[in-house]
Every structure is written in C-alpha cells, then in structure tokens.
Amino acid sequence: MKAGLYRVQYIHTLLSNLSHNVEIRYFRLDDIHHAHEDLRRLDKHTPWSEKNFVLDMSTLDAYRVVLSQIPEVGMNRLGYNYLLATMDMASLNLQRFRHGGVNITGFQMINHSNPYVKEFLHSWSSLEPSVWPGAGKETLELAAAMSVDAVEAVRRVLDNMVERQHNVFLSTFRRGVVYNRNLTLGIPCSTRPVIPWMHGPVMMLAFKEISFEGLTGHVQFDRRGYRKDYKLDIVTVSLDKGPHKTGEWHSERGLLQGQSDNWHRPAPVNNKTKTQSVNIVTSILTKPFLMLKTQQDGSGTPLTGNNRYEGYCMDLADELQEYLQTEYILRPVADGEFGFELPNGTWTGIIGELRRGLADMAIAPLTITADRERVVDFAKPFMNVAISIMIKRPEKQKPGVFAFMEPFSVPLWSCIVIAYVSVSVVVYLVSKFSPYEWRNRSYRYDRVVKYDFNLCNSFWFSMGALMLQGSDHCPRSVAGRVIGGAWWFFVLIVITSYTANLAAFLTVERMLTPIESADDLAKQTQIAYGMMEGGSTRKFFETSQVPTYQTMWNYMSSATPPVIVRTLEEGVERVRNSKGRYAFLIESSMNNYYNNRKPCDTVRVGGDLNLEGFGVATPHGSELKEMISYATLKMKEDGTLHRLETKWWYEKGECGSDTGHRESKKRSLSLSNVAGVFYILITGLVLAIVLGLLEVCLFRRRASSGLAAQKSQDFHTRTGGQPTLTRRLPPVEQVNVNGMLRQCRILRHPR
C-alpha cells in the first residue's frame, strides 16, 4: 500500500517537471477479485477516445485477477492501451488480448533465451516438487530469480572474503552458532541502537566489487549499493501479435527502440572481452551416449554445467566445438523422449525442443527418419546402425560322455556300421567260394582243405583295417583284393574326415541359439519379443510392408502381457530376467554396448533388419547444419568417430574383447570331453576278463572229459575187455609209381 503511494507521488513529481501538460487520474481498486464495477466506473470517467491505463499491482496474482476481468467488461477493444508496472511479463498469459485490438505493454527482466537461464530452468524443472517447493516447472517468476541471484551474490562475497583472509570467520562460526564482536551470541537486531555485525562493512565493500551474469541479467552494484548496468526488455501484445519485444530500457542509457531482433537470441554467459556465440545442445540420458558422472573433482566441489556429463555424445560435442569455434551448454531433454508426433501435430522429446526453439542442435542417438527430416534438419550421419535382436546368452553346451562321436551324425555312424558288416560278410563269401583262397592243411593221418577267411577272421580283417592296424590274413584272390582295396580307401577317407572334425568338436565351446533371424521369431510362439515404446524402431515395424515384419508388429501391438517397454534399460532387464523367453528388438549400437556390460549374459543374434544412421539435428534453416555435416565427414575420414566408438563400446567394456566371439574360443581338453573313450576301454577290459574266465572254464571241462575217457580205456584193458580201437585212414595221396601217378594211402610208422 505504502509502496504504491510512493510510486504515485514519484511519477507525479516527474511529470510536473515536464514541459508537456499531462493529465493523470488515480483510481484505487478496493477488491481486485470483484473489480467489474470499478473498471466500468473507470471506463466511464475516462472521456478520451484513446484511453491509456497504468496498472500497478503488488503481485503477479493480482495482475492475473484484474486482467481476467478486463475482457469481461469490454475494455479490450481498439483504443485501449495498458501499461503494466511489472518486470515479469513472461509469467502472465496474455494470449487472450491478441484478438480485441487492445495494446498491452510491460517489462521483462528475465531473458528466457539466455543460455544460463535455460540451463537453470532445465535443472529446476527436473527436481522433485515434494522436496523442493515450486520445482518441477519450466517457468520461473521474477521474485524467485532475484532470490537466486541474491544468494549467488552472497556466495561470491563470502568467497572473496575468504580468499583475501582465509581465517576471517575463525571466531565467528563455532559449533554451528554465529558470534558477534565481544563474543556476543548472535546478531541482536532489536536492540537500540542496533549492534551491526562485525563483518558488515567488509561485506558492503565486497558487494560493490562483484560482477556476474545472473538469472535477472548483469548483477553489479554502484558505490551507494544500488544495482547498476542492468536492462529491461519492453514487451508488447497487440492485435494478432505478441508477446514480442519492441525495445529495451537500460539503467545507464535509457530507452532503446528497435531491439526486437534480440528477443530470441542467446546472450553470452561470461564477461569475456571477445563475444563468442553459445549453442544450446539437447541430448538424452542413455548409455553410453550420455551419462551423469558420479565422482567429484579432487577439491570435493560438486560438478556443475557440462562437467556433470560424460559419454560418446559429450566427446562428440567437444569435437564439434573445435570445428565450429563456438561454446555450448549441454542439457538432457526434459521428457526423456527421442521424439514422435502427437495427433495434434506437435512433437515430443528432442524433436519438440528443436521445433520450439529451446535448443540449437541435438547431439544424441537420434535416428534419421523421413518424418523427422520433415520437421527438422539432419547433418551427415555420424554412426550407422540397424535394428537387431538381443536374447539371453544360451547356456554353454556341456560335453557329453560320448562327445568324441559328435563329429559324425547318427545316420552316418549307422551307415559306417552297415558298411563294416557288409564288407565282412562279402569277404567271407568270396573266400569260401573262390578256389584261390583255399589252403591244403596236412595232419597226422589225413590232409584237409581249409580257407583263412572264415566268418570270424573276416570280421577281424575289416576291424583291423577300420582301426588302421591291419590283420594277419590278407586276401589271395583278385575279388578279395578288390574288396580289400575299396574298403581301405573308404576307411582312409572316413578316418581323415573324423580326425579333422574331432579337434574342432572337442576344443571349441559351442552354444545353441534358439533363434537365428527375424523369421525364426515370427514363426515361433515360445519366445516373446518386443521393442521400446516410441522411436524409430516402432515406426519401422508399424509402417513396414514386409510380411514378416507386419506379422511381428501385429503380435507386438496386441500381445498380452504387453511386450513393448518404455526404456532401453527396462527391455534389457526383461531379457536378462526372462530365462530365454524374451527377445528385445534394439538398435545395433545399443545391442553391442549392453552385450559388453556385466553380467555379460546377453548376445546379439541374426542379421540386421534395416539400415539407419544417427545424425546431429538442427532446426529448419539453421546455418549450423552445413558446418556440422562438414565436421562429421572430416571426423569420419581422420578416424575420430571410430576412436570414440572404440573408447565407449569396447575399451570401457566389462566383458573382455572376446565377448562376441565366445563360440570360437579355443580351450584345452577336459576329461568330460573324452570320458566315453575311457568307458569303452574299461568295458573292453572287463569283457575280456569275463571271456577269458569262460574260456578257462570250458578248457578245464573238456580236459576233465578227456581224462575220464582215458581212465575208462585203461579199466577195460586191465579187466581183459576188448576196447574198440578207432583209427582214421590216412588221406589219399598221389605218388609216382613206374612213371605213372597213382592215388593210394601211405601208412607211415611213427618214429
């Protein structure tokens, strides 16, 4: 109340000193919430055709209440002009006054196009309102901005005092209590006279020496303690225009007209002698492109500004800064989205910020698509990517007991056994019927014709050749030798092929993946698959005309439970926790990154589904596009982009450089690989011992039977019996008798 009267008196004094005759009438609104009658009375007692009003309210809420009632009483027509005595026009919604012809002018102290202001608002909007009252909004009122600048001014003053004398507050702050001179506890402001703080004069001098850029512009104080060298933007709303800047008022130079071109131009964030442009760079927090640093610097000071971030995009922004010769302020996108078009035609995420002029460029894993190219400009792609499939890494195939048999399939082993039996039988038949395989064997009383390849020896001959060991018997006939040669050649090829594959099967770890391509996913029903909500991957499947991809989109868009996830991290965690029952469709760059992160249990399978690229985006018509394209090509040619990718994907990987090649990793043999061979050997030894015992038993039985017959013969001899003598006639032989061959039996007397 008193402040308003003081301002009225001050204005009246200034106008009375002017040569022009200006008539001023003052009117007070008793109840701003019910000011309709007061406004009509004010309109009635203003007889001039051009009606000019100055509204001076104590708070922004008061302005909002009164401005909402002006159109209701018809005072928003052509000929009405309002001057609002506020320095925070941006916090008022004046869109309603663009249609009646009224003219509203006010002042704006916070320059929302200033990079420092944009960065602060972004950080402020990301805070939790329950912890920080008033946070979570993308706007900032003037009173709050002044409070921030005041705190910053006090901080700078205290820093300057400590730099000059590091123990200046040694006797002031003790055990959380403030002491004044003479060891007085606290600062008693209610005493008469007031006892000032012992550091007050020094702080006043320090306040007059500070100079910095704050939320409300340049902050500096003159020798009397008043703020100096600051400016106010003059903002106007008229018919179908505004709010737009029509000029400036400077505390030193006064009114400056025709400054509307500076309304959206970012201001420098420092006091360097040489003015340098500053670009607002928007990005998105996604690994490894952009991440928040967790550590602090060596001094223990919290990280601020661009130093809070790291990642591929951060390094890429630094490289572009060198090419463009500009400074930049990096900030993540507020809604955490890459950007897609809403039904009303607006865009979310990074694309939306570029469209609304909140950023000068976007350096992020932003896929270049036709829809996005329609609303923003893309430079040359800095990384080629494609949609790929991520699944949980299958369990390693454990070697079986008979792993040494894996080089050949079961049908092939069956054919080898059949061939072995067939060759053995044929060798037996040829030896039996071919006279060239017969042999005459002479005994004591006769001569018998025999052949070496009986059924047992035939199988032993084939087995010896199959094991590359040979046999005591060899075929003598032409037919037998032809069979033997063919069998030996067959065995040579089989053994060579088996040996070549055996080393690979026993020394290479192998994993059996359940799917190998997108077609495998589309045809099966056991493994669910999904993608991230919003982005180029969803757009690709939604608009694809390929039958396989259409089938996949129909499944993903209607699956129960839902298979589409909101973030990449959620999709990767779902793959890791699904026990192989979920596949994630993800861009290849992110697929490779997460496969190299612990617990190293995901793997990329199949080929690429499409071919895309990540590019730096700028608003339509930006002059930065061509410079960024040129810089991107230079970095691609000199290997900078490859070096950055290697750094963040592989050098900083947690699974080793051979993560993607586990299937070809050589290792030494273990007992489990060849245990079956030992089992066969042990089985053969046991079987041989058993057969040996049986042979011993049979031999003893036959020997005992022969001994009994001999005893019986001796018994008959002693008792006078006539034993029956059986004697085999000698064999028939050919002898030369008087020059002629005769067949006869020759009896030879034993020596």
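Note that the coordinates shown come from a computational prediction; the quantities given were computed from them, not determined experimentally.

1. Quick word on the sheet that holds strand β22 (residues 528–530)
Step number 1: The mixed open sheet is built from four strands, whose spatial order is β22-β23-β19-β24. Strands with a single pairing partner mark the edges of an open sheet, and in this sheet they are β22 and β24 (602–605). Each adjacent strand pair in this sheet contributes to an overall mean axis angle of 30°, direction not counted.
Step number 2: Sheet topology note: the strand β19 (residues 387–392)/strand β23 (residues 582–587) ladder contains four bridges and is antiparallel. Residue pairing across strands places serine 388 opposite isoleucine 586, the latter belonging to β23.
Step number 3: The strands touched by helix α16 (residues 568–577) within the sheet are β19, β23 and β24, with β23 carrying the most contacts at an inclination of about 145°.

2. Thoughts on the environment of lysine 231
Step number 1: Assignment of secondary structure puts lysine 231 in strand β9 (residues 231–238).
Step number 2: Apart from the residues lying within four places of it in its own chain, the contact partners of lysine 231 are Met109, Lys245, Glu248, Trp249 and His250.

3. Notes on the packing of helix α17 (residues 588–595) against helix α19 (residues 640–651)
The angle between the axes and the distance between the axes are what describe a pair of packed helices.
Step number 1: Where α17 contacts α19, the two axes come as close as 9 Å, and the packing angle between them is 40°. Overall, the two elements α17 and α19 adopt an arrangement that is oblique. The segment α17 lies against α19, with Ser589, Asn592 and Tyr593 engaging Trp648, Trp649 and Tyr650.

4. Points about the pattern of salt bridges
Pairs can form between side chains of opposite charge once their charged atoms are near each other.
Step number 1: Per the stated rule, a full pass over the model turns up 23 salt bridges.
Step number 2: A salt bridge links aspartate 159 to arginine 155, with the nearest nitrogen and oxygen atoms 2.8 Å apart. Taken together, the residues aspartate 159 and arginine 155, both in helix α5 (residues 142–164) and four residues apart, mark about one turn of the helix.
Step number 3: Salt-bridge contacts for glutamate 337 lead to arginine 566; the nearest nitrogen and oxygen are separated by 3.2 Å. Here glutamate 337 is found in the loop between β15 (327–332) and α8 (349–355), whereas its partner arginine 566 is found in the loop between α15 (547–558) and α16, with 229 residues between them in sequence.
Step number 4: You can call glutamate 337 buried: its relative accessible area is 15%.
Step number 5: Bridged by salt links that share partners, the residues Glu152, Arg155, Arg156 and Asp159 form one connected network.

5. Brief notes about the packing of aromatic side chains
Step number 1: Applying the stated criterion across every chain, the model contains 17 aromatic pairs.
Step number 2: Aromatic rings pair up to connect Phe289, Tyr312, Phe382, Phe614 and Trp649 into one cluster.
Step number 3: The ring of tyrosine 582 is capped by arginine 574, whose NZ or CZ atom sits 4.5 Å from the centre of that ring.
Step number 4: It is lysine 652 that lies over the ring of tryptophan 648; its NZ or CZ is 5.0 Å from the centre.

6. Focus: the state of the cysteines
Step number 1: Tallied over the full model, the rule gives one disulfide.
Step number 2: Shown here is the disulfide that connects cysteine 600 with cysteine 655, its sulfur atoms set 1.7 Å apart. On the sign convention where negative is left-handed, the bridge of cysteine 600 and cysteine 655, at about -95° about the S-S bond, is left-handed. Highlighted residues: cysteine 600 in the loop between α17 and β24 and cysteine 655 in the loop between α19 and α20 (671–718), separated in sequence by 55 residues. Side by side, cysteine 600 and cysteine 655 carry an identical accessibility label, which is buried.

7. Brief notes about the nonpolar core
Step number 1: Residues Tyr312, Ile363, Ile389, Phe541, Met552, Phe584 and Leu585 are the most contacted members of the largest nonpolar core, which totals 83 residues.
Step number 2: Ranked by residue count, the leading element in this core is helix α7 (residues 312–324), at seven residues.
Step number 3: Non-local contacts of isoleucine 363, meaning those with residues more than four positions away in its chain, are made with Val281, Thr282, Ser283, Cys313, Leu316, Ala317, Leu320 and Val616.
Step number 4: By size, the runner-up hydrophobic cluster in this structure holds 25 residues, among which are Leu29, Leu39, Tyr80 and Tyr82.

8. Description of the side chain of aspartate 38
Step number 1: Tracing the chain through its elements places aspartate 38 in helix α2 (residues 36–44).
Step number 2: Judged by relative accessible area, aspartate 38 falls into the buried class, the value being 10%.
Step number 3: Of note is the side chain of aspartate 38, whose polar atom sits 2.9 Å from the side chain of arginine 41.
Step number 4: Not counting chain neighbours up to four residues away, the residues in contact with aspartate 38 comprise Phe27, Leu29, Asp30 and Asp31.

9. A few points about the packing of helix α14 (residues 536–543) against α15
Step number 1: Where α14 meets α15, the axes come as close as 8 Å, and the angle between the chain directions of the two elements is 115°. Like other packed secondary-structure pairs, α14 and α15 cross with a definite hand, here left-handed. Listed contacts from α15 to Arg538, Phe540, Phe541 and Glu542 of α14 are Tyr549, Met552, Trp553 and Met556.
Step number 2: Of the residues contributing to the contact of α14 with α15, the split by class is six nonpolar, no polar and two charged.

10. A few points about helix α11 (residues 455–466)
Step number 1: Between its first and last C-alpha, α11 extends 17 Å over 12 residues, near the 16 Å set by a 1.5 Å rise per residue.
Step number 2: Within α11, the full set of buried residues consists of Ser458, Phe461, Ser462, Gly464, Ala465 and Leu466.

11. A look at the confidence of the model for the protein chain
Step number 1: Scored by pLDDT, the protein chain has a mean of 77; 77% of the residues are at 70 or more.
Step number 2: Confidence over residues 259–276 falls short of pLDDT 50; this stretch has 42 contacts with residues more than four positions distant or in other chains.
Step number 3: In this model residues 659–666 is a low-confidence stretch, pLDDT under 50, and it forms 17 contacts with partners more than four residues away in sequence or in other chains.

12. A closer look at unusual backbone geometry
Excluding glycine, residues mostly carry a negative phi; peptide bonds, for their part, are mostly trans.
Step number 1: Following lysine 287, the chain continues to proline 288 via a peptide bond in cis, the omega torsion being -5°.
Step number 2: Relative to the helices and strands, proline 288 is located in the loop between β12 (278–283) and β13 (291–292).
Step number 3: Along the chain, threonine 560 connects to proline 561 via a cis peptide bond; the corresponding omega equals -5°.
Step number 4: Looking at the secondary structure, you find proline 561 in the loop between α15 and α16.
Step number 5: Here the phi dihedral of aspartate 229 falls at roughly 55°; this positive angle occurs in a residue that is not glycine.
Step number 6: Along the polypeptide, aspartate 229 turns up in the loop between β8 (217–220) and β9.

13. Quick word on the side chain of aspartate 149
Step number 1: Position of aspartate 149 relative to the elements: it lies in helix α5.
Step number 2: The charged side chain of aspartate 149 is buried without a salt bridge, its nearest counter-charge being arginine 227 at 4.8 Å.
Step number 3: Setting aside residues no more than four positions away along its own chain, aspartate 149 makes contact with Phe212, Gly214, Leu215, Thr216 and Val219.

14. Here we look at the environment of glutamate 152
Step number 1: By the element assignment, glutamate 152 lies in helix α5.
Step number 2: A polar atom in the side chain of glutamate 152 sits 3.0 Å from the side chain of arginine 156.

Calculation notes
- Residues numbered from 1 in each chain as written.
- Predicted model: local features only at pLDDT ≥ 70, side-chain atom pairs only at ≥ 80, totals over all residues.
- Heavy atoms only, no water.
- Pairing = 2+ DSSP bridges.
- Helix = DSSP H or I, 4+ residues; strand = E, 2+ residues; numbered from the N terminus.
- Axes fitted to C-alpha atoms, helices over the stretch in contact; angles between N-to-C directions.
- Contact = heavy atoms within 4.5 Å.
- Parallel < 35°, antiparallel > 145°, perpendicular 65-115°, else oblique.
- Salt bridge = Lys/Arg side-chain N within 4 Å of Asp/Glu carboxyl O.
- Buried < 20%, exposed > 50% of the residue type's maximum accessible area, 1.4 Å probe, protein only.
- Phe/Tyr/Trp six-rings, centres within 6.5 Å; stacked < 30°, edge-to-face > 60°.
- Lys NZ or Arg CZ within 6 Å of the ring centre and 35° of its normal.
- Disulfide = S-S within 2.5 Å.
- Core = buried A, V, L, I, M, F, W, Y, C linked by side-chain atoms within 4.5 Å.
- Polar contact = N/O pair within 3.5 Å; in protein donor to acceptor, adjacent residues only side chain to side chain.
- Left-handed = near helix turned anticlockwise from the far one by under 90°.
- Nonpolar A, V, L, I, M, F, W, Y, C, P; charged D, E, K, R; others polar.
- Expected span 1.5 Å × (residues − 1).
- pLDDT = per-residue confidence, 0-100.
- Lys, Arg positive; Asp, Glu negative; His and termini not counted.

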